[in-house]
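Take a look at the letters that make up each chain.
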Amino acid sequence: MAYRRYRKKRSMAGEMLADTSHIANRLSWKGAAVFGIVLFAVFYWLLPMWLRHQFDSLLQGNMFRPMIAVVLGKRIHWIQWAGIALGLVCGFYALRNFFVARRLGTDAERNVGFLGRVLARWLD
């Protein structure tokens, strides 16, 4: 019999955090900081503001308005939490990349230059 492995799917928030950490890890420290600020602003302020505007534009006589208010309130709180988490992840990678770039800028840069010259002479 074949043995099958089932992988548990992550939640949408988990996937979003994993993708953001993957992107922020590849950016410079300045890029990760700007990316974190933009994600925080979008998820903490802009998206909830847009959802509240959409809710306010519903007609007052709509019979689904109380039900939408309850669901939308929970979603707005979740979106703001996601904005905080995304901003913190990007902030972590900005600090990490800053200190790694600083460390690589001193000793590793000289080593890479030496290895580059040796490799250039060997290929020449």
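Residues numbered from 1 in each chain as written. Predicted model: local features only at pLDDT ≥ 70, side-chain atom pairs only at ≥ 80, totals over all residues. Heavy atoms only, no water.

A. Structural detail: the overall build of the protein chain. Of the regular secondary structure elements, the protein chain holds 3 helices and 0 strands. The order of helices and strands in the protein chain, counted from the N terminus, is α-α-α. Counting only residues that meet the buried cut, the protein chain has 21% of its 124 residues in that class. For the protein chain, contacts bridging at least 24 residues in sequence account for 75% of all contacts bridging at least 6. (Helix = DSSP H or I, 4+ residues; strand = E, 2+ residues; numbered from the N terminus. Buried < 20%, exposed > 50% of the residue type's maximum accessible area, 1.4 Å probe, protein only. Contact = heavy atoms within 4.5 Å.)

B. Geometry of the packing of aromatic side chains. Enumeration according to the criterion identifies 6 aromatic pairs in this entry. Taking the centre distance of 5.0 Å and the plane angle of 10° together, the rings of phenylalanine 40 and tyrosine 44 count as stacked. In this pair, phenylalanine 40 and tyrosine 44 are both assigned in helix α2 (residues 29-56), 4 residues apart and thus about one turn of the helix distant. Taking relative accessible area as the criterion, tyrosine 44 reaches 27% and is therefore assigned partly exposed. Between phenylalanine 40 and tryptophan 45, the aromatic rings sit 5.3 Å apart at their centres with planes inclined by 80°, giving edge-to-face as the arrangement. Here tryptophan 45 falls in the partly exposed class, since its relative accessible area comes to 49%. (Phe/Tyr/Trp six-rings, centres within 6.5 Å; stacked < 30°, edge-to-face > 60°.)

C. Quick peek at the nonpolar core. Counting 15 residues, the largest nonpolar core has Met16, Ala24, Leu39, Phe43, Leu51, Leu72 and Leu86 as its most contacted members. Elements with a minimum of two residues in this core: α1 (12-26), α2 and α3 (65-123). Element by element, the count of residues in this core is highest for α3, at 8 residues. Those residues in contact with leucine 72 that sit more than four places away from it in its chain are Leu51 and Phe55. (Core = buried A, V, L, I, M, F, W, Y, C linked by side-chain atoms within 4.5 Å.)

D. Here's a closer look at a nonpolar patch on the surface. A cluster of nonpolar side chains, namely Val34, Val38, Val42, Trp45, Leu46 and Met49, defines an oily patch on the protein surface of about 570 Å² accessible area. Along the chain, methionine 49 turns up in helix α2. Methionine 49 gets classed as exposed once you look at its relative accessible area, which sits at 52%. (Patch = residues over 30% accessible without salt bridge, like charges linked within 9 Å, V, L, I, M, F, W, Y side chains within 5 Å. Areas by Shrake-Rupley, 256 points an atom, 1.4 Å probe, with all protein chains shown as cover. Salt bridge = Lys/Arg side-chain N within 4 Å of Asp/Glu carboxyl O.)

E. Spotlight on the packing of α1 against α2. Contact geometry for α1 and α2: axes closest at 10 Å, N-to-C directions at 150°. Put simply, α1 runs roughly antiparallel to α2. Contact with α1, carried on its side by Met16, Thr20, Ile23 and Ala24, involves Ala32, Phe35, Leu39 and Phe43 of α2 and no other residues of that element. In terms of residue class, the contact of α1 with α2 is built from 7 nonpolar, 1 polar and no charged. (Axes fitted to C-alpha atoms, helices over the stretch in contact; angles between N-to-C directions. Parallel < 35°, antiparallel > 145°, perpendicular 65-115°, else oblique. Nonpolar A, V, L, I, M, F, W, Y, C, P; charged D, E, K, R; others polar.)

F. Representation of α2 in the model. A rise of 1.5 Å per residue sets the reference length of α2, with its 28 residues, at 40 Å; its end C-alpha atoms lie 40 Å apart and thus fit the reference within 8%. A maximum bend of about 35° is found in α2 at valine 42. Of the residues making up α2, those classed as buried are Ala32, Gly36, Leu39, Phe43, Pro48, Leu51 and Phe55. (Expected span 1.5 Å × (residues − 1). Bend = angle between axes of the 7 residues up to and from the residue.)

G. How the structure looks around the environment of phenylalanine 99. If you trace the backbone, phenylalanine 99 turns up in helix α3. Separated by 70 residues in sequence, phenylalanine 99 and tryptophan 29 have C-alpha atoms that sit 8.8 Å apart.

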